[in-house]
Amino acid sequence: MENLENNLKILKELGFEEIFVKNTKEELLKQLNEEIQKCTKCDLHLSRTQAVLGEGNPDAKLMFIGEAPGADEDRLGRPFVGRAGQLLTKAIQNAGLKREDVYIANINKCRPPNNRTPTIEEQEACLPYLLRQIEIINPSVLCLLGATACRGILKREVQITKERGKILEWQGKKVFLTYHPAYVLRNPKEEGTFFEDIKKVVELARSDG
Ligand code: URA
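Described below are features of the structure shown in this document. If you're wondering where the values come from, they're calculated on a predicted model, not measured in any experiment.

Okay, the sheet that holds strand 3 (residues 103–106) next. With respect to topology, six strands assemble into an open sheet ordered 1-3-2-4-6-5, the strand pairing being mixed. Across the chains shown, the open sheet's two edge strands, defined by having one partner strand only, are strand 1 (54–56) and strand 5 (167–170). When strand polarity is set aside, the average angle formed by the axes of neighbouring strands in this sheet is 25°. Pairing of strand 4 (residues 141–145) with strand 6 (residues 173–178), which is carried by five bridges, proceeds in the parallel orientation. Opposite V141, over in strand 6, you have K174 as the bridge partner. The sheet contacts of helix 6 (residues 147–154) involve strand 2 (62–66), strand 4, strand 5 and strand 6, and relative to strand 4 the element is tilted by about 130°. The strands touched by helix 9 (residues 191–207) are strand 2, strand 4, strand 5 and strand 6; relative to strand 6, the strand with the most contacts, the crossing angle is about 175°.

Written out as structure tokens, the structure reads:
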């Protein structure tokens, strides 16, 4: 403490009037979480148990983006922890990473009633939170899981069965398009393709700096 005071004194003598201490990523994400828990920008707040920010390594190079929390996520306050989440976790582990190595988030932070797809208005109302999350974490690769994630980021309708496997550019980052794991659960013959896609995106993040 004494050391800190001495150093501040020296800086003052050198002419520094104000010193700004930069928040850590963890602090910025905590602030963002406090904000979304109070959010009333769309009607999804009326039926939520809690908003779900996302979780993972704040320094992750690879960030997964899904659609919105489901029943399990709404109850537990964590993203992708239900059946679809377990499949995603398995695919990440199969690619040689741990779930804690990556960051996992969603376009919408609140659960839509009966797990319906969030409306475009609901997606747009929530999007600034995800954009701030991306800015804080600053991953080099985004993996978009399904059509809603693609629409939210790319601002166009994407038929994921036609475009999965594509690597695109978005604001200086690489963006990889693949199925939503819930789609894979409904279409188990696509599981191999999904696992291969997750291997590719993990490799892309490894090779990208
Ligand atoms: N589906 C999503 O898109 N996100 C979750 O967090 C869980 C299921």
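Once the structure has been displayed, the description carries forward.
Every residue lining the ligand is accounted for by G66, E67, A68, E73, P79, F80, N106 and H180. Residue A68 places a main-chain N or O atom 3.0 Å away from a nitrogen atom belonging to the ligand. Between the ligand and the protein, one listed contact pairs an oxygen atom with a backbone N or O atom of F80 at 2.9 Å. For the ligand, the accessible surface in isolation is 240 Å², of which the surrounding protein chains cover 91%. Here the residues of the shell around the ligand sort into three nonpolar, three polar and two charged.

Right, let's talk about unusual backbone geometry for a bit. At N114, a residue that is not glycine, the phi angle is positive and equals roughly 55°. Positionally, N114 belongs in the loop between strand 3 and helix 5 (120–137). At N115, a residue that is not glycine, the phi angle is positive and equals roughly 60°. One can find N115 in the loop between strand 3 and helix 5. Here N115 falls in the partly exposed class, since its relative accessible area comes to 45%.

Parameters and conventions
- Residues numbered from 1 in each chain as written.
- Predicted model: local features only at pLDDT ≥ 70, side-chain atom pairs only at ≥ 80, totals over all residues.
- Heavy atoms only, no water.
- Pairing = 2+ DSSP bridges.
- Helix = DSSP H or I, 4+ residues; strand = E, 2+ residues; numbered from the N terminus.
- Axes fitted to C-alpha atoms, helices over the stretch in contact; angles between N-to-C directions.
- Contact = heavy atoms within 4.5 Å.
- Near = heavy atom within 4 Å.
- Polar contact = N/O pair within 3.5 Å; in protein donor to acceptor, adjacent residues only side chain to side chain.
- Areas by Shrake-Rupley, 256 points an atom, 1.4 Å probe, with all protein chains shown as cover.
- Nonpolar A, V, L, I, M, F, W, Y, C, P; charged D, E, K, R; others polar.
- Buried < 20%, exposed > 50% of the residue type's maximum accessible area, 1.4 Å probe, protein only.

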